[in-house]
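# Summary of structural features
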Amino acid sequence: MRQRELSEMLTEAKADAPPARYTIDDAVNAGRRLQNRRRAAWSGAAVAAAVVAVATVVGVPRLLTGPPAAPPAPAAASQGATTPVRYPAKPWEYAFKGYQVGEFKVSDPFLVTPDFQQASVRIGDDVDEYLSGPGGDVRLTEPAENLLLTVYRPGRYDPKQFAGGEQVSVGGKPGLFKEHVFIDGDTSMIDKHRGIAWQYSNDAWAVLNTFKSDDAGKAGRDELVKVAAGLSGVPAYPAEVAIKVGEIPDGYQLAQGGRAPGYPNGSANEAYRTSLLFVKDKPKTSAKLTDAVPDDENVGREIRINVASTAYSQKNRPPAGAEEAPYCNPGNDSLCYLMAPGGKYQVEIIGSGDTSPDELTAILASIRFADIDKPSTWFPLAP
């Protein structure tokens with residue numbers, strides 16, 4: 001059997017088109033910054049229904065019942081010379097740790113794919129503020145994600161979006177700065193993002209860009225260059241997640257994983273503790289990635305699994321007396337859940353059009369949990 005996640009909602013909604021994407025993160029972020037960077041057009045009533053289902057899962061805008069967890073502290077502050085980044089040969093290992101340059105706090109990486117890994121950047125103590133609650137009358141805050149750092153595997157990125165940009169030096173390495181870079185290549189978007197792309201090694205690129213248009217004044221060219229220059233390599237270490245899945249349907253392969261999903265389904269949102277994406281029938285291609293922010297929408301079938309704090313949802317709780325069993329959304333049987341031990345966290349699984357509720361609940365039943373609040377007990381990410 002296989003795993004499913006919120007991304008499947010959209011995947012299922014677009015059964016014959018590119019798979020659905022938005023997951024818990026979509027709903028969690030609905031009340032805040034993703035509004036200005038998400039694609040506006042979702043076609044068809046099926047997609048609308050899927051979006052409603054996601055919203056029901058975590059509440060749109062997010063219906064928090066408690067304050068979000070504090071962001072993880074950077075592992076170390078950058079000082080002096082840095083160690084060159086050596087991208088791991090294995091697909092599920094990280095190549096760097098969090099660091100700090102002035103008021104810019106780079107997190108440990110939160111996501112890894114065979115092609116790249118990502119970390120979020122917070123400026124000082126900046127927070128995102130938004131309205132939530134059943135009546136949209138509760139003002140809430142969470143640590144801001146001001147910028148995004150994407151480190152690509154050698155040979156996998158083409159910086160064509162930065163063509164014509166200003167040439168800059170990043171720690172002695174060649175780079176390009178551009179005032180306006182379109183997220184995910186969508187030039188119809190009003191929101192543009194300042195960014196820098198640089199070669200951290202031969203044919204190996206990293207990109208640092210603002211994630212919100214109102215961050216542009218805080219992160220100018222010089223600031224971006226300094227933060228980029230602070231990137232330092234460490235010995236490869238495995239990405240880890242809070243669950244181990246026992247059953248995955250035939251033909252599905254792990255496409256990405258970590259603490260939180262990638263754009264547009266998420267990023268380092270504090271709702272998440274684990275996110276997994278499995279893909280089937282995705283066309284193989286040798287083409288390089290070109291988007292400043294990679295889009296994790298895949299062609300083919302998807303199964304997404306997210307583990308998130310129940311503080312981000314006031315609905316879709318298990319039936320009375322069945323708190324420890326998998327259960328599905330009454331209005332969308334391709335969206336199912338499982339409460340983690342202790343009731344503090346909830347697993348969401350979304351499947352593509354070729355998955356049944358029985359398959360989804362079987363996948364959930366096969367999950368083994370680490371101590372979610374103790375990352376030292378988490379499992380190495382593996383296919």
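The paragraphs below set out a description of the structure included in this document.

## Looking at the overall build of the protein
When helices and strands are tallied, the protein shows five helices and 23 strands. Counting only residues that meet the buried cut, the protein has 57% of its 383 residues in that class. Contacts in the protein between residues at least 24 apart in sequence constitute 69% of all its contacts with a sequence separation of at least 6.

## Some points on the state of the cysteines
Summed over all chains, the structure comprises one disulfide. Shown here is the disulfide that connects C328 with C336, its sulfur atoms set 2.1 Å apart. Taking the sign of the S-S torsion, 85° for the link of C328 and C336, the bridge is right-handed. On the accessibility criterion, C328 (23% relative accessible area) is partly exposed.

## Some points on helix α4 (residues 221–229)
Of all the positions in α4, only L224, V225, V227 and A228 are classed as buried. Seen along its axis, α4 keeps its buried residues to an arc of 165°; they face one direction.

## Here we look at the packing of aromatic side chains
By the definition in use, this model includes four aromatic pairs. Between Y94 and Y237, the aromatic rings sit 5.5 Å apart at their centres with planes inclined by 55°, giving tilted as the arrangement. With Y94 in strand β1 (residues 93–96) and Y237 in strand β13 (residues 233–238), this pair connects stretches of sequence that are 143 residues apart. Across the pair, exposure class does not vary: Y94 and Y237 are buried alike. A connected cluster of aromatic rings, assembled from ring pairs, spans F116, Y152 and Y157.

## Observations regarding the pairing of strand β8 (residues 147–152)
Two faces make up the sheet, and in a regular strand the side chains alternate between them. Burial analysis of β8 places six of its six residues in the buried class, which makes it a mostly covered element. On β8, burial covers both faces: L147, L149 and V151 on one face and L148, T150 and Y152 on the other are all buried. Relative to β8, strand β5 (residues 116–123) runs antiparallel, the two sharing six bridges. In the strand pairing of β8, Q117 is matched with V151. In this sheet, strand β12 (residues 204–210) lies alongside β8 in antiparallel orientation, the contact comprising five bridges. Bridge pairing in β12 places L149 opposite L208.

## Notes on the environment of T141
Among the secondary structure elements, T141 is positioned in strand β7 (residues 138–143). In this structure the C-alpha to C-alpha distance between T141 and D128, which are 13 residues apart in sequence, comes to 5.4 Å.

## Quick word on unusual backbone geometry
Here the phi dihedral of D203 falls at roughly 55°; this positive angle occurs in a residue that is not glycine. Note on placement: D203 falls in the loop between β11 (193–201) and β12.

## Comments concerning the side chain of Q256
Mapped onto the elements of the fold, Q256 is located in strand β16 (residues 253–258). Take Q256: its relative accessible area is 4%, and that puts it in the buried class. A polar contact is formed between the side chain of Q256 and the backbone nitrogen of G262, at a distance of 3.4 Å.

## Focus: the pairing of strand β21 (residues 345–351)
Most of β21 sits out of view: seven of its seven residues are buried. Side chains Y345, V347, I349 and G351 project from β21 onto one buried face, and the interleaved Q346, E348 and I350 project onto a second face that is buried too. With seven bridges connecting them, strand β18 (residues 301–309) and β21 associate as antiparallel partners. By the bridge assignment, I303 is partnered in β21 with G351. Of the strand pairs in this sheet, strand β20 (residues 332–339) and β21 are connected by five bridges, and their pairing is antiparallel. When the sheet's bridge partners are listed, M339 is paired in β21 with Q346. Where β20 folds back onto β21 in an antiparallel hairpin, the turn is made up of five residues, including G342, whose phi is positive at roughly 95°.

## Focus: the nonpolar core
I243, L276, I305, V347, I349, F369 and L381 are the most contacted members of the largest nonpolar core, which has 32 residues in total. Secondary structure elements with two or more residues in this core: β17 (272–280), β18, β20, β21 and α5 (357–365). Counting 29 residues, the second-largest nonpolar core is a separate cluster that includes Y87, V106, V151 and V225.

## Thoughts on the pattern of salt bridges
For side chains bearing opposite charge, pairing can occur when the charged atoms are close. Counted under the stated rule, the structure contains eight salt bridges. The salt bridge involving E179 is made with R194; its shortest N-O contact spans 2.2 Å. Note that E179 is positioned in strand β10 (residues 173–181) and R194 in strand β11, a separation of 15 residues in sequence. Assessed through its relative accessible area of 14%, R194 is described here as buried. For K344, the salt bridge identified is with D373, shortest N-O distance 3.1 Å.

## A few points about the environment of D128
Mapped onto the elements, D128 comes out in strand β6 (residues 127–132). By relative accessible area, D128 is classed as buried at 5%. Through-space distance from the C-alpha of D128 to that of A144 is 5.0 Å; in sequence the pair is 16 residues apart.

Reading the values: rules and limits
Residues numbered from 1 in each chain as written. Predicted model: local features only at pLDDT ≥ 70, side-chain atom pairs only at ≥ 80, totals over all residues. Heavy atoms only, no water. Helix = DSSP H or I, 4+ residues; strand = E, 2+ residues; numbered from the N terminus. Buried < 20%, exposed > 50% of the residue type's maximum accessible area, 1.4 Å probe, protein only. Contact = heavy atoms within 4.5 Å. Disulfide = S-S within 2.5 Å. Arc of directions from axis to C-beta. Phe/Tyr/Trp six-rings, centres within 6.5 Å; stacked < 30°, edge-to-face > 60°. Pairing = 2+ DSSP bridges. Polar contact = N/O pair within 3.5 Å; in protein donor to acceptor, adjacent residues only side chain to side chain. Core = buried A, V, L, I, M, F, W, Y, C linked by side-chain atoms within 4.5 Å. Salt bridge = Lys/Arg side-chain N within 4 Å of Asp/Glu carboxyl O.

Read these as spatial facts, not as claims about activity.
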